[in-house]
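Descriptive structure summary
Here is how the chains run, residue by residue.
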Amino acid sequence: MSREAERAVSEALERFFPGAAPFFRSGESGMNNTTRFVELHGRRYVLRVYETHQDVDKVLYEHAVLLALNASPALPFAVPRPERTPDDRGETIVRLADGRLAALFGYIEGERPSLDRPAALRAFGRAAGGLSGALANVGVAAAPAYRPYYELDAAHPSIAPADAARFFEAPPADFADIADALRRIGEELDAARLALPGLRALPHQLVHGDLNASNALAVPGGDDIAALLDFEFVTVDLRAMEPAVCLSDLSDAESDEDVLGRMSAFAAGYASVARLSPEEADALPLLLRLRRIDVALHFLGRWRDGVEGPEPLRRVAAGSARALERLRRLEAPLRDLFAGLAE
């Protein structure tokens, strides 16, 4: 751990555990935060330091949703529970000396699910459907920090529509070898823009917006989902965007047959606890492509901001282009499959 990270972690722990000396160790950190596992007096916690923004309102919104979900008695799995500082203010967020934000959560037992078996995919689908049902009953007074997926121009604050168009049409030298993949993303972006107005009339509600295996925990030794994690991007969006994100990420498989099998298992699990309207089910092929386009725009923004070098964007762009081509090729069978999600 770097000295800078060590200072940040120590400062955050002093705010949550003043005068104590909790044990901590490194954990898997995502693209947007640093994670440490913490133990003190027989209890375990997870410390998160937010790395890509210093916006308190964004984190407060996330915590408001989590606190509401933790108060829901019917939720069939756990979600992170924000801990409060022990001072009179009882805050769930602390601002560090360098401006970064940190939060502490109760530890949840579980292991990363392996979504390579139908039973695991059905369990993941049930969890996604269960979360969608729970979030439909959560109300947060504040305005959400993130815009819906279909507002592509808000995918990343550093990327204006004209900037994205120029990049995908004529990429710089660092990306010349994947120019065809980038042009494919640009073409899909243009096509999506034409179809977006029809999405605004579909049902909206709170959605997690980034459900995948890395943001879930399975019961140790089993397939059932023990917890859904990382609600950093929770917002009000299309209700159908929740399963669309999960399904889109399942398109990375060895063959078209594998993709359809994986999506069918997830959809069966989702449909066992939640349903969509026929109009939502019909929109799913577009929403799956929308997810891939949004991810490419997000990483384009990270590269443009200097958060990381070109390699993550190159990797994501190549993968997104392959997925977009496959989703187009499989659109007819996917429409048949998704019809089973309708009420």
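Overview of the structure.

Criteria and cut-off values
Residues numbered from 1 in each chain as written. Predicted model: local features only at pLDDT ≥ 70, side-chain atom pairs only at ≥ 80, totals over all residues. Heavy atoms only, no water. Helix = DSSP H or I, 4+ residues; strand = E, 2+ residues; numbered from the N terminus. Rg over C-alpha atoms; globule rule 2.2 N^0.38 Å. Buried < 20%, exposed > 50% of the residue type's maximum accessible area, 1.4 Å probe, protein only. Contact = heavy atoms within 4.5 Å. Areas by Shrake-Rupley, 256 points an atom, 1.4 Å probe, with all protein chains shown as cover. Core = buried A, V, L, I, M, F, W, Y, C linked by side-chain atoms within 4.5 Å. Expected span 1.5 Å × (residues − 1). Pairing = 2+ DSSP bridges. Axes fitted to C-alpha atoms, helices over the stretch in contact; angles between N-to-C directions. Polar contact = N/O pair within 3.5 Å; in protein donor to acceptor, adjacent residues only side chain to side chain. Salt bridge = Lys/Arg side-chain N within 4 Å of Asp/Glu carboxyl O. Parallel < 35°, antiparallel > 145°, perpendicular 65-115°, else oblique. Left-handed = near helix turned anticlockwise from the far one by under 90°. Nonpolar A, V, L, I, M, F, W, Y, C, P; charged D, E, K, R; others polar.

Looking now at the overall build of the protein chain. Helix and strand counts for the protein chain come out as 10 helices and nine strands. Its C-alpha atoms give the protein chain a radius of gyration of 20 Å, near enough to 20 Å, the size a compact globule of 343 residues would have. Each of the 343 residues in the protein chain was classed as buried or not, and the buried ones make up 53%. Taking contacts inside the protein chain between residues at least 6 apart in sequence as the whole, the part at least 24 apart equals 74%. A total accessible area of about 15300 Å² is found for the protein chain, and carbon and sulfur atoms account for 50% of it.

The residue His 41 is not glycine, and still its phi comes out positive at about 55°. Mapping His 41 onto the fold places it in the loop between β2 (33-40) and β3 (43-50). Here the phi dihedral of Asp 230 falls at roughly 50°; this positive angle occurs in a residue that is not glycine. Looking at the element boundaries, Asp 230 is found in the loop between β8 (225-228) and β9 (235-238).

Leu 69, Leu 199, Leu 228, Met 263 and Leu 287 are the most contacted members of the largest nonpolar core, which has 88 residues in total. Ranked by residues supplied to this core, first place goes to helix α8 (residues 278-304) with 12 residues.

On to helix α7 (residues 256-271), then. For α7, with 16 residues, the first-to-last C-alpha span of 22 Å sits near the 22 Å given by 1.5 Å per residue. Within α7, the full set of buried residues consists of Val 259, Arg 262, Met 263, Ala 265, Phe 266, Ala 267, Gly 269, Tyr 270 and Ala 271. Residues of α7 that are buried make contact with α3 (118-135), α6 (241-249), α8, α9 (310-329) and α10 (331-338).

Here we take up the sheet that holds β3. Strand order in the open sheet formed by five strands is β1-β2-β3-β5-β4, and the pairing between neighbours is antiparallel. This sheet does not close on itself; its edge strands, each paired only once, are β1 (23-26) and β4 (94-95). Pairing geometry for β1 and β2, over four bridges, is antiparallel. Pairing of Ser 26 across the sheet is with Arg 36, part of β2. Contacts from helix α2 (residues 56-70) reach β3, β4 and β5 (101-106) within the one sheet, and its direction differs from that of β5 by about 10°.

As a further point, take the side chain of Thr 34. Examined against the element boundaries, Thr 34 turns out to sit in strand β2. Since its relative accessible area comes to 16%, Thr 34 is described here as buried. There is a polar contact of 2.6 Å between the side chain of Thr 34 and the side chain of Glu 51.

Let's shift gears to the environment of Ala 226. Mapped onto the elements, Ala 226 comes out in strand β8. The class for Ala 226 is buried, based on a relative accessible area of 18%. For the pair Ala 226 and Leu 341, spaced 115 residues apart in sequence, the C-alpha to C-alpha distance is 24 Å. Excluding its chain neighbours within four sequence positions, the residues that come into contact with Ala 226 are Phe 77, Ala 78, Glu 109, Leu 217, Ala 218 and Val 219.

Moving on, we get to the pattern of salt bridges. Across all of its chains, the model carries 33 salt bridges by this definition. Between Glu 331 and Arg 328 there is a salt bridge whose closest N-O contact spans 3.6 Å. Since its relative accessible area comes to 18%, Glu 331 is described here as buried. With a relative accessible area of 32%, Arg 328 lands in the partly exposed category. Several salt bridges share partner residues, and in doing so they unite Arg 184, Glu 188, Asp 282, Arg 289, Arg 328, Glu 331 and Arg 335 into one network.

Look at α7 against α10: their axes get within 10 Å of each other, and the N-to-C directions meet at 15°. Considering their axes alone, α7 and α10 lie roughly parallel with respect to each other. Crossing geometry of α7 relative to α10 is assigned as right-handed. Across from Leu 260, Met 263, Ser 264 and Ala 267 in α7, the residues of α10 making contact are Pro 333, Leu 334, Leu 337 and Phe 338. The residue makeup of the contact of α7 with α10, split by class, is seven nonpolar, one polar and no charged.

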